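Chain and residue survey
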Amino acid sequence: MSTSRRTRVSRITEAELNDLLLKLQALLPEYSNSRSTRRVAAPEVLNETCNYIKRLHREVDGLSERLSQLLGSMEGNGVDVDILRSLLQR
C-alpha cells in the first residue's frame, strides 16, 4: 500500500475526533455523573480515560483474588467448586 493511500485512509476529521472525545467523556464517571455539557480538553479526557482503565484493572484484579479466596474456602464445605468455576467462565 502506498504512503499516500495509507495517509488518506487513516485521516479523521476534527469533527469526528471531537465526537469521539465527547463519547469517551460520557463513559467516564467523573464527567458522566454531572448533567453539565462542559467541554473538557482532549488531553484531560485521554488522561482521565487512562486513569480510569488502570483503576478498572486494579478492581478486576482485586475481585479475581477475592473470588479465588472464596472458591478456595468453599472446597471443604461440600460445594462443587468445579461447577462454580465453569459457570463463572461463561
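Attention in this report is confined to the structure presented alongside it.

Scoring rules and cut-offs
- Residues numbered from 1 in each chain as written.
- Predicted model: local features only at pLDDT ≥ 70, side-chain atom pairs only at ≥ 80, totals over all residues.
- Heavy atoms only, no water.
- Salt bridge = Lys/Arg side-chain N within 4 Å of Asp/Glu carboxyl O.
- Helix = DSSP H or I, 4+ residues; strand = E, 2+ residues; numbered from the N terminus.
- Buried < 20%, exposed > 50% of the residue type's maximum accessible area, 1.4 Å probe, protein only.
- Expected span 1.5 Å × (residues − 1).
- Contact = heavy atoms within 4.5 Å.

For the rest of this paragraph, the subject is the pattern of salt bridges. Here the structure, examined in full by the defined rule, presents three salt bridges. The residue Glu-30 makes a salt bridge to Arg-55 at a minimum N-O spacing of 2.5 Å. Residue Glu-30 is located in helix α3 (residues 29–32), and its partner Arg-55 is located in helix α4 (residues 42–74); the two are separated by 25 residues in the primary sequence. For Arg-55, a relative accessible area of 32% gives the class partly exposed. Among the charged side chains, a network of salt bridges with common partners joins Glu-30, Glu-48 and Arg-55.

Right, let's get into the environment of Pro-29. By the secondary structure assignment, Pro-29 is in helix α3. Along the sequence, Pro-29 and Tyr-52 sit 23 residues apart, while their C-alpha atoms lie 8.6 Å from each other.

Between its first and last C-alpha atoms α4 spans 47 Å; for 33 residues at 1.5 Å apiece the expected length is 48 Å, and the two agree. For α4, the set of buried residues is Val-45, Glu-48, Thr-49 and Leu-71. Those residues of α4 that are buried lie in contact with α2 (14–27), α3 and α5 (81–88).

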